[in-house]
Amino acid sequence: MRPVIVMTQTSEFKSEDACILHKPLIDVAPLYFDTQLLDVNYDWLIFSSKKAVEYFLPYLERTPVKQIAVIGKKTADYCMSKGIQVDFCPLDYSQEGFINDFQGKKNSKVLIPSSQAARPYLKNALEARLISVQKIDLYQPIPHTENINEVIKLLSNNEVDAMTFASSSAVKFFFEHVEKINFSHYFVIGNQTLETINSYGIQATKANIQTLDSLVNKILESWKDNAI
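The following paragraphs examine the structure supplied in this document. (Residues numbered from 1 in each chain as written. Predicted model: local features only at pLDDT ≥ 70, side-chain atom pairs only at ≥ 80, totals over all residues. Heavy atoms only, no water.)

1. Details of the sheet that holds strand 5 (residues 65–70)
Part 1 of the reasoning: Strand order in the open sheet formed by five strands is 3-7-6-4-5, with mixed pairing between adjacent strands. Edge positions in the sheet fall to strand 3 (26–30) and strand 5, since each has one partner strand and no second. In this sheet, neighbouring strand axes are inclined to one another by 25° on average, regardless of whether the strands run parallel or antiparallel.
Part 2 of the reasoning: Where strand 3 and strand 7 (residues 132–143) come together, five bridges link them in antiparallel fashion. Directly across from Ile26, in strand 7, lies its bridge partner Pro143. (Pairing = 2+ DSSP bridges. Helix = DSSP H or I, 4+ residues; strand = E, 2+ residues; numbered from the N terminus. Axes fitted to C-alpha atoms, helices over the stretch in contact; angles between N-to-C directions.)

Below is the structure:
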């Protein structure tokens, strides 16, 4: 038998070693922004997610930028699939890992188009280095209530062996909808997501690195060890 895993991120993931139920808990609503913010010569454009790339694509050609950086291999791969050259991607796929490796110069200009709910750490850390940062809120996350209700039903019927979260927003949307459920096999990507789920009094296991492959591998390890 293979473990049944509910994966809640927006991008699909496939595995021959597990039965994956793809149930994104987050939907998005586009936001309007002042397009005059694009009329600046930026030294760096930073994408922190595939969704940010997708929503910014219509504006990319009109935005003068020298180099493009991304956070995460999936984001880098998506950029390249769209013909976007990636000049920098940290080995640690987190905002903290990006800051540790990024060599942006003092007084350089950086543009960060992202979710309205994106963590402010990246912007604040860059500004602490005296880098000029312009953040644009491209979209806002909203709960995908249909999928949330379906997942609650699956968990209540004991049809799931593990459930994953790849963002704090997904955690918040789920646990703000569920009152009480007898389930404890949660797995997450990243320290921030782990801290968020812990804030609801829920324990979870964190993937070794911030990738979906690592997340599923962690679940499979637990499955083989009879921990789930």
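2. A closer look at the nonpolar core
Part 1 of the reasoning: Core analysis: the largest hydrophobic core is formed by 44 residues, its most contacted members being Met163, Phe165, Phe174 and Tyr186.
Part 2 of the reasoning: Setting aside residues up to four positions removed in sequence, Phe174 forms contacts with Leu25, Ile148, Val151, Ile152, Leu155, Met163, Phe165 and Tyr186.
Part 3 of the reasoning: Judged by nonpolar contacts, the second largest core, of 15 residues, contains Ile46, Ile71, Phe102 and Val133. (Core = buried A, V, L, I, M, F, W, Y, C linked by side-chain atoms within 4.5 Å. Buried < 20%, exposed > 50% of the residue type's maximum accessible area, 1.4 Å probe, protein only. Contact = heavy atoms within 4.5 Å.)

3. Here we look at the sheet that holds strand 9 (residues 186–188)
Part 1 of the reasoning: Read across the sheet, five strands follow the order 2-1-8-9-10 without closing on themselves; strand pairing throughout is parallel. Both edges of this open sheet fall to strand 2 (19–22) and strand 10 (205–206), since each of them pairs with a single strand only.
Part 2 of the reasoning: Summarising the sheet, strand 1 (residues 4–7) and strand 2 pair through four bridges and their orientation is parallel. Bridging across to strand 2, Met7 finds its partner in His22.
Part 3 of the reasoning: On the sheet, helix 7 (residues 191–198) packs against strand 8 (162–165), strand 9 and strand 10 and is oriented at approximately 145° with respect to strand 9.

From the geometry alone we can't say anything about function, so treat these as descriptive.
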